[in-house]
Every structure is written in C-alpha cells, then in structure tokens.
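Residue-level listing of the chains:
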Amino acid sequence: WEKRWVSSEHRADLGKFKLAAGKFYGDPVRDKGLQTSENSKFYAISSRFKPFSNKGKALVIQYTVKHEQKIDCGGGYVKVFSSNLDQKNLSGDSRYCIMFGPDICGSETKKVHVILSYKNKPHPIKKPIRCKVDGYTHLYTLIIRPDQTYEVKIDNEMAASGNLEDDFDFLPPRKINDPTVRKPNDWDDRLQIDDPNDTKPEDWDEPEYVTDTSAEKPEDWDDAANGEWHYPMVKNPQYRGEWKPRQIDNPNYRGVWPHPQIDNPDYSPDFSIYSYENIGVIGLEIWQVRAGTIFDNFLITDDEVYAEDFGFETWGETEGPEKEMNIKQTEEEQERERVAEEKYFEQRFKKKTERKESGKDGAGRNSITREEL
C-alpha cells in the first residue's frame, strides 16, 4: 500500500497512517485498511489511478470507513482530484473535484458531506444527510448520473437522492420574483397583532433600580479619598420590564403574499454539471482529534450494480463477524472489570475486618459481614 499511496509533505507535522484491521474486525486480513494513528493531527495522503472522464456515464465513488475510536471530532471523508494534483503538496488548499463522506464534531455535526466542484467553485449539498456514529465499519457510496441525478447510499441502502440542479446551487434559479410587481399596500400578512383593548396597569411602571436605604456607610470610608458616600442602587424586585400589550390573532390576516414569478433572464441550463473531464487521484485530507479511523475498500467505477455487489462482497461479508467480535470483547472487558471490582472490595472487607479485630484489649469487638461493608 505504501507504493500506491503518497504521503503529503506539505507540512512536517502531518499525522501518519498505518495498515491495521483495528481492535475488532470481521477478518484479520481483509479488514486491514489505512488507519490514522496520532491524535490531534492533520492527515494528507493520496493514490493515483489512470485519468478518465465520466462524460455520458455514471460516476460511483465508494469506500468503507470505521470510526473504531467512537470519534468525537474529525473527518472521515474522501476527496477526488484531477490528475494534475501535486500529491507531495496535498493540503486543505488543494482544489478538488468531489468531497464525499462523514464528518463528525461534537453533538452538532454528524453529517455526510457531498461537495461538488463546478466552474472551480465548491458547492455543498443543501440536504442534511446524517452519518453513522456507532463505531462499526460502514459503506459509503456516492452515485452521480448523466441524467443529472445523484444518490447517496450508506451500507448499500439509499440515504438521499435528488436532482443536482435542485439540491446544489450550481446555477441561478429558474424563476425569480417579478421586480415590477409589489405587494399591495392593504395586504396584511401579520399573523398576530396587539390587542387594542389591552391597557397597561396603573402600577406597572417601577424603576429598574432603587436606592438601598438599609445600607450603612462603612466605618473606614474616607470622603476625602473616595468622595461623598451614597446609598448603593439595587435591583428593584417590583420592576416588571417594558409593558407590551398581549397578542391576539389578526382578524385581517390574509396569509403570505404570493409574489408573482417570472423566468430568470440570468438562468441558462447546463446539462454537463455531472461530468468531470480529468479525474485521476483519490485522497484523504482530514483533521482528527482522536485517531483510530480505518479507511478501506476504495472503489471508483461507472457500474452501479458492480459497486453494490462489491460492497456486499467486502463490507457485507465482514459486517456480522465484526459486530460479534466487538460484542464478545465488550463482554470480556465487563467481566474483567467485575472481577477487578470484586477483588478490590474483598481487600477492603479484609482490611476493615482486621482493624476491628485489633481493637484495644479486644473490647467491643463486633463481627462484620460482607453485606454491612
């Protein structure tokens, strides 16, 4: 693998990859993949293949990723580049054609990126796609078709699909609001209004702060040094804030005004959005706080059926055994913890018993039970 993958030299402190199947796996040999090995590092590595164009064909990008470490913040996505990429200088600034795969950071970010380059600008998908976060190996597949549709699959099941033009901001919108038409002046689109019958209570107005007359001047207060002493101001418990009338349903509400639409003169269809002319490199350019992610089973093809079959023959064959091994390891670890905990309390029980039995003249000896401890 080290002959087929080129590590970037863009910066000296990039993280290192190693070949490993991880702590649990379905097959010790087949499940070996590129694993991140150092915490809080940027990673950059890539592999070159014969350049091609997907014009007139589907483009399928597929791979497996396992966040064995239950990742808290880091990328698990791949990037596909044109063949002119300088692999030794791969970095976050390297221009890519496609970025695809899971990204996790805290509780907020748990998504699948689909970012497609169009006219040298990255365009992220507008749909949210949630990624897997359970620590097992998962199969991620992106399909881009000549009919300008796409599909994202996770574990060979559809997670999202749609039209490239609809779900990405590649082109100006087909329709725009008619600039010559304005909302009528008498169109009331306020859902609620102030209740005209609601009046402010007479005792409402209270100052926000009041003088604390219960305070006393400190004995060491020096008027010459500190100035004349004044009672301090404190928050007024009677202060109720700015009064506002209660809201009621607007009897004249007419709904949202439907602005008339016209064809956008700046819109021009492009039926080649799906097409990339010179794809030639796939790479991993990521940041990880906690290392341990394993990447494997990379595939780029124009055959959707082959990709699905390949996924079942790789990820599908080892999915079950991997989970079984992890469950077994978890149970064994829990048993070791239980035995260690029991041993710890046995020792405490023994020491406490010895202390009670060594009391002065043996007076006041009391028996102690395990249950008491």
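The name recorded for the chain in an unreviewed UniProt entry is Calreticulin, from Aegotheles bennettii. What UniProt states about the chain under its Sequence similarities (unreviewed entry) heading is, verbatim, "Belongs to the calreticulin family."

For the chain, the count of helices and strands is 3 helices and 21 strands. Over its C-alpha atoms the chain spans a radius of gyration of 34 Å, topping by over 25% the 21 Å that the globule rule assigns to 373 residues. Across the chain, contacts joining residues at least 24 apart in sequence account for 72% of those joining residues at least 6 apart. Just so you have it, the chain exposes about 23400 Å², and 48% of that area is on carbon and sulfur atoms. Side-chain charges of the chain comprise 55 positive and 71 negative groups, with the mean position of each set lying 6 Å from the other.

Here we take up the sheet that holds strand S12 (residues 149-154). Judged by pairing direction, the sheet is antiparallel, and its 7 strands sit side by side in the order S2-S3-S21-S5-S11-S12-S13 without closing on themselves. A strand with exactly one partner marks an edge of an open sheet, and here the two such strands are strand S2 (17-20) and strand S13 (157-163). Averaged over all adjacent pairs, the angle separating strand axes in this sheet is 25°, with direction ignored. Most of the contacts of helix H3 (residues 304-357) go to strand S21 (residues 293-301), to which it runs at about 160°, and overall it touches strand S5 (59-67), strand S11 (137-144), S12 and S21.

Let us look at empty space enclosed by the protein. Using a probe with the size of a water molecule, rolled over the atoms, empty space left in the structure can be pinpointed. For the structure shown, the criterion picks out 2 cavities of 30 Å³ or more. Looking at the largest cavity, its volume works out to about 100 Å³. Sorting the residues of the lining of the largest cavity by element identifies S5, S21 and H3 as the ones contributing at least two each. Counting residues per element, the lining of the largest cavity draws most heavily on S21, which supplies 4 residues. Residues of the lining of the largest cavity, tallied by class, amount to 5 nonpolar, 4 polar and 4 charged. Computed from the structure, the second largest cavity encloses a volume of approximately 40 Å³. As for the second largest cavity, its lining consists of Val-65, Lys-66, His-67, Pro-102, Lys-132, Val-133, Asp-134, Gly-135, Tyr-136, His-138 and Tyr-140.

Note on placement: Ser-117 falls in strand S9 (residues 109-118). Judged by its relative accessible area of 15%, Ser-117 is buried. Those residues in contact with Ser-117, other than ones at most four positions away along the chain, are Tyr-96, Cys-97, Pro-122 and Tyr-276.

The calculated volume of the largest pocket comes to roughly 380 Å³. In terms of lining residues, the largest pocket is bounded by 17 residues, among which Cys-97, Ser-117, Lys-119, Asn-120 and Tyr-276 are the most central. Those elements that place two or more of their residues in the lining of the largest pocket are strand S7 (78-82) and S9. Class assignment of the residues belonging to the lining of the largest pocket gives a composition of 7 nonpolar, 7 polar and 3 charged.

According to UniProt, the positions carrying the feature "binding site: an alpha-D-glucoside" (unreviewed entry) are Tyr-77, Lys-79, Tyr-96, Asp-103 and Glu-285. Among the annotated residues just listed, those lining the largest pocket are Tyr-96. The residue Tyr-77 is located in the loop between strand S6 (73-75) and S7 in this model. Ignoring sequence-local partners within four residues, the contact set of Tyr-77 consists of Tyr-63, Met-99, Phe-100, Gly-101, Pro-102, Asp-103, His-113, Leu-284, Glu-285, Ile-286 and Phe-295.

As a further point, take the environment of Phe-52. Tracing the sequence through the fold places Phe-52 in strand S4 (residues 41-52). Beyond its immediate sequence surroundings of up to four residues, Phe-52 is in contact with Leu-59, Tyr-276, Glu-277, Asn-278, Ile-279 and Ile-300.

Within the element layout of this structure, Gln-62 appears in strand S5. At 2.7 Å, the side chain of Gln-62 and the side chain of Thr-141 are in polar contact. Excluding its chain neighbours within four sequence positions, the residues that come into contact with Gln-62 are Leu-139, Tyr-140, Thr-141, Asn-156, Asn-297, Phe-298, Leu-299, Ala-307, Phe-310 and Gly-311.

A grouping of Asp-303, Asp-309, Glu-313 and Glu-317 is seen on the molecular surface, where their side chains present a negatively charged patch. Summarising the element assignment, Glu-317 is placed in helix H3.

Our next topic: a nonpolar patch on the surface. The grouping of Leu-191, Tyr-253 and Val-256 at the surface amounts to a nonpolar patch, some 330 Å² of accessible area in total. Within the secondary structure, Leu-191 is located in the loop between strand S14 (175-177) and strand S15 (192-194).

Conventions and cut-offs
Residues numbered from 1 in each chain as written. Predicted model: local features only at pLDDT ≥ 70, side-chain atom pairs only at ≥ 80, totals over all residues. Heavy atoms only, no water. UniProt positions renumbered as here; feature names shortened; annotations may be inferred. Helix = DSSP H or I, 4+ residues; strand = E, 2+ residues; numbered from the N terminus. Rg over C-alpha atoms; globule rule 2.2 N^0.38 Å. Contact = heavy atoms within 4.5 Å. Areas by Shrake-Rupley, 256 points an atom, 1.4 Å probe, with all protein chains shown as cover. Lys, Arg positive; Asp, Glu negative; His and termini not counted. Charge placed at Lys NZ, Arg CZ, Asp CG, Glu CD. Pairing = 2+ DSSP bridges. Axes fitted to C-alpha atoms, helices over the stretch in contact; angles between N-to-C directions. 1 Å grid on protein atoms, 1.4 Å probe; cavity = no way out; pocket = protein on both sides within 12 Å on 5 of 7 lines; lining within 4 Å. Points joined across faces, edges and corners; volume = space filled by probe spheres on them. Nonpolar A, V, L, I, M, F, W, Y, C, P; charged D, E, K, R; others polar. Buried < 20%, exposed > 50% of the residue type's maximum accessible area, 1.4 Å probe, protein only. Polar contact = N/O pair within 3.5 Å; in protein donor to acceptor, adjacent residues only side chain to side chain. Patch = residues over 30% accessible without salt bridge, like charges linked within 9 Å, V, L, I, M, F, W, Y side chains within 5 Å. Salt bridge = Lys/Arg side-chain N within 4 Å of Asp/Glu carboxyl O.

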